[in-house]
Amino acid sequence: QSGLRDRIRFNSEVTDVSPATDRCWALTLGDGTQEMFDAVIVANGHQAKPVHPAFSKDFTGDYLHALDYEVPEPFEGKTVLVIGAGNSALDIAADVSTTAHLTVLAVRSPVLIMPRMFLGAPLSRFLAKVEKPWVPWAIRRRVREFVTWLVHGSMESWGLTSPKSQTHPASHPTIFARMAWGRVRAKPGVQSVEGKKAHFADGSSLEFDAMIAATGYEVDFDFLSGTVAPLEGHRINLYKRIIHPDFSGLFFVGLFDV
């Protein structure tokens, strides 16, 4: 619409958001100026402040977080250690293995890596039909394990461990093909690192040229004052994960999966 762009201000860093009155918010900008607004919608996401493994500082090879991974070409011919077993870790391991000499996926916790497709359709469609709200979690877990076993076999056959508690499954279309071809190997969690050598929980050790940590993110609202930030430890304290229970005019977007 005409004039819409004039109402939008780009490239304006917000350094502080504080309640000025019951229904008015004071925003401090990066240039030091302060402006007042009737409402604030926070949509900064929850994947901006990376969490690094404690042993990353001991690694002397090339280190980066999944946040900074872009393309596999810089890892051509190298041995690469990918930390984690979430979707990002699987994506990176499968991608980087196309150029790396060897890719190792270090998996500390049990994980169920489910297929993307089942019976010619997205797996989510099948699960939506059988995972009704009244179905107990134990039965849902058995269904997921059975479907995964039909497509991929057991997690243990790939050097992984099947979860027995309620955990969020991962999914990838080609990671097991990469593992079958020997492009990706699974190892248990890293216990310690010395230089370029990683020591694993099974007592083995390997040297790596590069380490990529897909170890998640911290939810961070550093521009909100302590009483306004809706965090209780790692718990999001919001009604429906949108509305702040204690402040009017403050809303949050994109925190449903935290």
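Here's a quick rundown of the structure.

Reading the values: the criteria
Residues numbered from 1 in each chain as written. Predicted model: local features only at pLDDT ≥ 70, side-chain atom pairs only at ≥ 80, totals over all residues. Heavy atoms only, no water. 1 Å grid on protein atoms, 1.4 Å probe; cavity = no way out; pocket = protein on both sides within 12 Å on 5 of 7 lines; lining within 4 Å. Points joined across faces, edges and corners; volume = space filled by probe spheres on them. Helix = DSSP H or I, 4+ residues; strand = E, 2+ residues; numbered from the N terminus. Nonpolar A, V, L, I, M, F, W, Y, C, P; charged D, E, K, R; others polar. Pairing = 2+ DSSP bridges. Axes fitted to C-alpha atoms, helices over the stretch in contact; angles between N-to-C directions. Patch = residues over 30% accessible without salt bridge, like charges linked within 9 Å, V, L, I, M, F, W, Y side chains within 5 Å. Areas by Shrake-Rupley, 256 points an atom, 1.4 Å probe, with all protein chains shown as cover. Salt bridge = Lys/Arg side-chain N within 4 Å of Asp/Glu carboxyl O. Expected span 1.5 Å × (residues − 1). Buried < 20%, exposed > 50% of the residue type's maximum accessible area, 1.4 Å probe, protein only. Arc of directions from axis to C-beta. Contact = heavy atoms within 4.5 Å. Core = buried A, V, L, I, M, F, W, Y, C linked by side-chain atoms within 4.5 Å. Phe/Tyr/Trp six-rings, centres within 6.5 Å; stacked < 30°, edge-to-face > 60°.

Moving on, we come to the layout of surface pockets. Approximately 1400 Å³ is the volume attributed to the largest pocket. Forming the boundary of the largest pocket are 39 residues, of which Gly86, Ala214, Thr215, Gly216 and Tyr217 lie nearest the centre. Those elements that place two or more of their residues in the lining of the largest pocket are α1 (87–96), β8 (102–107) and β18 (217–218). Considered class by class, the residues forming the lining of the largest pocket number 21 nonpolar, 15 polar and 3 charged.

Our focus in this paragraph is the sheet that holds β8. Ordered in space as β6-β17-β7-β8-β13, the 5 strands form an open sheet in which the pairing is parallel. On the outer flanks of this sheet lie β6 (62–65) and β13 (184–188), each paired with one strand and no other. Each strand of the sheet is rotated relative to its neighbour by a mean of 20°, with strand direction disregarded. In this structure, β6 lies alongside strand β17 (residues 210–213), joined through 4 bridges in parallel fashion. The partner of aspartate 62 across the bridge, within β17, is alanine 210.

Taken together, Ile41, Tyr239, Ile242, Ile243, Phe251, Val253 and Phe256 make up a surface patch of nonpolar side chains, about 680 Å² in accessible area. Within the fold, isoleucine 243 resides in the loop between β20 (235–236) and β21 (250–252).

Quick look at helix α3 (residues 137–152) now. Since the α-helix advances by 3.6 residues per turn, residues separated by three or four positions end up pointing in the same direction. Here α3 is 16 residues long and its end C-alpha atoms lie 22 Å apart, about the 22 Å a rise of 1.5 Å per residue gives. Of the residues making up α3, those classed as buried are Arg141, Arg144, Glu145, Val147, Thr148 and His152. Projected down its long axis, α3 shows its buried positions confined to an angular sector of 165°, all on one face. Along α3, the residues that are exposed and aim more than 90 degrees away from the buried face are Arg142 and Trp149. Residues of α3 that are buried sit in contact with β9 (113–114), β10 (117–118), α2 (123–130) and α4 (175–180). Backbone geometry just after α3 places glycine 153 at a positive phi near 85°.

This part covers the nonpolar core. Phe75, Val80, Leu105, Ile113, Leu160 and Ile175 are the most contacted members of the largest nonpolar core, which has 35 residues in total. Looking at this core, the elements with two or more residues in it are β7 (79–83), α1, β8, β9, α2, α4, β13 and β17. Per-element accounting of this core gives the leading share, 6 residues, to α1. What isoleucine 175 contacts, discounting residues up to four positions off in sequence, is Leu90, Ala93, Ala94, Ile113 and Val184. By size, the runner-up hydrophobic cluster in this structure holds 16 residues, among which are Val17, Val42, Ile236 and Leu250.

Tallied over the full model, the rule gives 8 aromatic pairs. Seen in terms of ring centroids, tryptophan 158 and phenylalanine 176 are 4.9 Å apart; in terms of plane orientation they differ by 45°. Their pairing is tilted. Here tryptophan 158 is found in the loop between α3 and β12 (170–171), whereas its partner phenylalanine 176 is found in helix α4, with 18 residues between them in sequence. Overall, the relative accessible area of 6% leaves phenylalanine 176 in the buried class. For the pair phenylalanine 221 and phenylalanine 252, a centre-to-centre distance of 5.4 Å together with 70° between the ring planes defines the contact as edge-to-face.

If you trace the 3 strands from one edge of the open sheet to the other, you get β1-β2-β3, paired in antiparallel fashion. Each edge of the sheet is formed by a strand with only one pairing partner; in this case those strands are β1 (14–21) and β3 (34–37). Adjacent strand axes in the sheet meet at a mean angle of 25°, parallel and antiparallel pairs treated alike. Here 4 bridges tie strand β2 (residues 24–29) to β3, and the two strands are oriented antiparallel to one another. Within β3, the residue paired with alanine 26 across the bridge is methionine 36.

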